[in-house]
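# Examining the three-dimensional arrangement
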Amino acid sequence: QVQLVESGGGLVQPGGSLRLSCAASGSIFNIYDMGWYRQAPEKQREFVAGITRGGGTSYVDSVKGRFTISRDNAKNTVYLQMNSLKPEDTAVYYCNANVKHTRWGPTTLYWGQGTQVTVSS
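Because the structure is predicted, anything quoted here is derived from the model rather than measured. (Residues numbered from 1 in each chain as written. Predicted model: local features only at pLDDT ≥ 70, side-chain atom pairs only at ≥ 80, totals over all residues. Heavy atoms only, no water.)

### Here's the deal with the overall build of the protein
Counting its regular elements, the protein contains 0 helices and 11 strands. Going residue by residue from the N terminus, the α and β elements of the protein occur as β-β-β-β-β-β-β-β-β-β-β. A compact globule built from 121 residues would reach a C-alpha radius of gyration of about 14 Å, and the protein, at 14 Å, matches this within 12%. Taken over the C-alpha atoms alone, the protein extends approximately 50 × 25 × 25 Å along its principal axes. A buried classification covers 40% of the 121 residues belonging to the protein. (Helix = DSSP H or I, 4+ residues; strand = E, 2+ residues; numbered from the N terminus. Rg over C-alpha atoms; globule rule 2.2 N^0.38 Å. Buried < 20%, exposed > 50% of the residue type's maximum accessible area, 1.4 Å probe, protein only.)

Take a look at the structure:
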């Protein structure tokens, strides 16, 4: 019922920057929390950053001061600006969103398919 499509991944040198985008479409009344997670090879998926509808943010310690999460509620889109990238940031990055389909219904958590970020010289 809802699709999340990520874009903006790629190959970047250490110290470089990338901006990820995740656009939600489908049967959407409202979107509450949105977030970014990542999964490196042979590791568990980990939380990277989250943002409330009102703009409150949270980050994992390893990205504080380097990554910035933001959102555009009118476009149902969440962004992740990644600066000063390090090789250890290499992973598949996934976005998620808590979506209400109707005013009085429950929220449902949706995930995107992921976008690869590779930091290497």
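Next, the rest of the story.
### Observations regarding the side chain of Glu6
When you line up the elements, Glu6 lands in strand β1 (residues 2-7). The side chain of Glu6 sits in the buried core without any salt bridge; Arg45 is the nearest counter-charge, 7.6 Å away. At 2.9 Å, the side chain of Glu6 and the backbone nitrogen of Cys95 are in polar contact. Reaching out from Glu6, the side chain makes a polar contact with the backbone nitrogen of Gln113 at a distance of 3.0 Å. When near neighbours in sequence (up to four residues on either side) are disregarded, Glu6 contacts Ser21, Cys22, Trp36, Tyr93, Tyr94, Cys95, Gly112, Gln113, Gly114 and Thr115. (Lys, Arg positive; Asp, Glu negative; His and termini not counted. Salt bridge = Lys/Arg side-chain N within 4 Å of Asp/Glu carboxyl O. Polar contact = N/O pair within 3.5 Å; in protein donor to acceptor, adjacent residues only side chain to side chain. Contact = heavy atoms within 4.5 Å.)

### A short note on the pairing of strand β8 (residues 77-82)
Within a regular strand, side chains alternate between the sheet's two faces. In terms of burial, β8 is largely enclosed, as 5 of its 6 residues are buried. As defined by bridge partners, strand β7 (residues 67-72) adjoins β8 across 6 bridges and the pair is classed as antiparallel. When the bridges of β8 are listed, Ser70 appears paired with Tyr79. From the end of β7 to the start of β8, which pair antiparallel, there are 4 residues, and Asn76 there has a positive phi angle of about 50°. (Pairing = 2+ DSSP bridges.)

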